[in-house]
Structures are given as structure tokens and as C-alpha cells.
Amino acid sequence: LCPDDGVPLHDTLDENSHKHAYGVSSDLKYGLRKAVEMLANEYVYYQRTSAKQALFQDENLARKLTDEALIYMYRLLFLLYAEARASELDVVPIKAEAYLKGYSLESLRDLELVPLTNPQAQNGYYIHESLNMLFNMVDDGHNPQQLGFSLDNTTPVTGYDDYGFRVRGLHSPLFNRQSTPLLSSVKFRNSILQEVIQLLSLSREKRGRRSQRGRISYAQLGINQLGAVYEALLSYSGFFASE
């Protein structure tokens, strides 16, 4: 670990880790910008197809959509980081199998490259409903005893805790649906949210090297890298294209 000559292995690993994190943060900046645009366009698509409402050249709406789409992205970033560093942050119970396989964002990342081969899979809302359930759980919290299970309708079954999990509600404006009234009023198709998760999960696709996209490890990202991603989006503003 500390040789008489040359550079210690730990220093080399640390340097490579910072280089990797910097490269990942630049990919995240690109991915977040594209994801924000996709969510805003999906809002317009939903309003046109479901609400039969045309939206053109409303700059006030464009600003609101930009802000809400950024909040939505920050929710995903927060959860990706919190799940990757669950042992340190203790925000979500990633070690609980029920949470990991049934509710976590990590379980949705496992679907990021699954082909959506028919219109029902592409235009369904499974990912949308799963994310909404996760957002609400993180904000409101979850306690198995709140479910009121009992054997004789009088005594709660506390043993359920052994098979369930607990989430302490954050009660944060970040996850409050009132922070995103526009986006909370629509549904996002699976095809859109799958690509959004790809943009946050995988490194940017290099031209002619599709198979070499790597998975972003949020456990390796430091606060400085995430801060750089956040600051890069502060000046970002969307608008309706004139053509």
C-alpha cells in the first residue's frame, strides 16, 4: 500500500476516482438538460392528446414547465444518491428486500434497457405510477403499524415489522406535489420515463460505440460533482420553439 518507491496505490485509485466522477458529472449535465426538455414536451403532448388543449408561445408556461421539470429531476437525483449511499444517509431502507424489489428507483433502473416492443408497453404508465408511489412514500413516510394489521381486530401485529420496512417522511417541498402542479396533473408514458432514467443512469452514448455506455455510480459521486451539476442547471430556461 505504501511502497518505498513510486506512488501509493491509494493515491492512484483516488485520482482515477475523481477523474471518473468529473466525466460522469459532465454526462449528467447533458442528460439532465435533455430530460428536462423531454418532460416539458411530454406535458405538452398530454395536454394536446388527452385534454385537447393546444399550447403555443406561452412564455410564462414555458418558465413554469422548466422550473417544475428541474424539481422533478432533482427528486430523481436525490433518490439515486440516497439509495446509493443508504448506509450513510439512512433516508431509504435499501437493504430491505421489499423496498429494493418493490418500490426503489434502483428496481426501475433494472428496466432501463428493457425493449418496449408494443404500444401498450410504450404508452402505459407503470413507471409513472411507480415513481409517484415512491415520491409519496419518501415525503409522507411509511410505518407498517400504520396499516393496522391484527389477528383479532384489536391487537396490532408488530411482527409485521420483521418483513416490512420503515421510511421516515421527509415532508420536504422537493417531494410535495404542490411544488409541481403542472406536471402532477399529467401522466408520463413509459417510453419517456424509461429514457429519462437512462439519461440519469448511463454515461453519454459515444458516436459509433453504443455498447460501451457505462452505468453511473452515484456512490462514487461527491458533493462537489453533484453541486456542479446543480449549478449548471440554474441558468437553464426552456421556451416554445417558433418552428
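Refer to the preceding data block for the structure.
Residues numbered from 1 in each chain as written. Predicted model: local features only at pLDDT ≥ 70, side-chain atom pairs only at ≥ 80, totals over all residues. Heavy atoms only, no water.

**Student:** Run through the side chain of E112, naming residues and quoting values.
**Tutor:** Position of E112 relative to the elements: it lies in the loop between α5 (105-109) and α6 (119-123). The residues touching E112, leaving out its near neighbours within four places in the chain, are Q194, I197, Q198, S201, L202 and R215. (Helix = DSSP H or I, 4+ residues; strand = E, 2+ residues; numbered from the N terminus. Contact = heavy atoms within 4.5 Å.)

**Student:** Could you give me a rundown of the environment of E106, with the residues and numbers involved?
**Tutor:** On the secondary structure map, E106 appears in helix α5. Expressed as a C-alpha distance, the spacing of E106 and A84, which sit 22 residues apart in the sequence, is 8.8 Å. Setting aside residues no more than four positions away along its own chain, E106 makes contact with E83, L100 and R215.

**Student:** Which residues make up the packing of helix α2 (residues 59-84) against helix α9 (residues 223-234), and what are the values?
**Tutor:** It is the contact of α2 with α9, at a shortest axis distance of 12 Å, that shows an interaxial angle of 170 degrees. Looking at the two axes, α2 sits roughly antiparallel to α9. Contacts between α2 and α9 involve L70, Y74, L77 and Y81 from the former and I223, L226, V229, Y230 and L233 from the latter. (Axes fitted to C-alpha atoms, helices over the stretch in contact; angles between N-to-C directions. Parallel < 35°, antiparallel > 145°, perpendicular 65-115°, else oblique.)

**Student:** Kindly report on α9, identifying the contributing residues and their values.
**Tutor:** For α9, with 12 residues, the first-to-last C-alpha span of 17 Å sits near the 16 Å given by 1.5 Å per residue. Of all the positions in α9, only Q225, L226, V229 and L233 are classed as buried. The buried residues of α9 occupy an angular sector of 100 degrees when the element is viewed end-on, so they sit on one face. Exposed residues on α9 whose side chains face more than 90 degrees from its buried face are I223, N224, E231 and L234. (Expected span 1.5 Å × (residues − 1). Buried < 20%, exposed > 50% of the residue type's maximum accessible area, 1.4 Å probe, protein only. Arc of directions from axis to C-beta.)

**Student:** Give me the lowdown on the pattern of salt bridges, citing residues and values where you can.
**Tutor:** For the structure on display, the rule yields nine salt bridges. R168 is the salt-bridge partner of D90, the closest N and O atoms lying 3.2 Å from each other. Highlighted residues: D90 in the loop between α3 (86-89) and α4 (97-102) and R168 in the loop between α7 (126-140) and α8 (190-201), separated in sequence by 78 residues. Judged by its relative accessible area of 59%, R168 falls in the exposed class. The closest approach of N and O atoms between E106 and R215, which form a salt bridge, is 3.0 Å. Of this pair, E106 sits in helix α5 while R215 sits in the loop between α8 and α9; the two residues are 109 residues apart in sequence, bridging distant segments of the chain. E106 sits in the partly exposed class, given a relative accessible area of 25%. For R215, a relative accessible area of 38% corresponds to the partly exposed category. Residues joined by salt bridges that share partners form a network here, namely E106, R109, D110, E112 and R215. (Salt bridge = Lys/Arg side-chain N within 4 Å of Asp/Glu carboxyl O.)

**Student:** Please give an account of a nonpolar patch on the surface that cites residues and values.
**Tutor:** Taken together, the side chains of L111, V114 and Y126 present a nonpolar region at the surface, about 260 Å² in accessible area. Position of L111 among the secondary structure elements: in the loop between α5 and α6. Overall, the relative accessible area of 32% leaves L111 in the partly exposed class. (Patch = residues over 30% accessible without salt bridge, like charges linked within 9 Å, V, L, I, M, F, W, Y side chains within 5 Å. Areas by Shrake-Rupley, 256 points an atom, 1.4 Å probe, with all protein chains shown as cover.)

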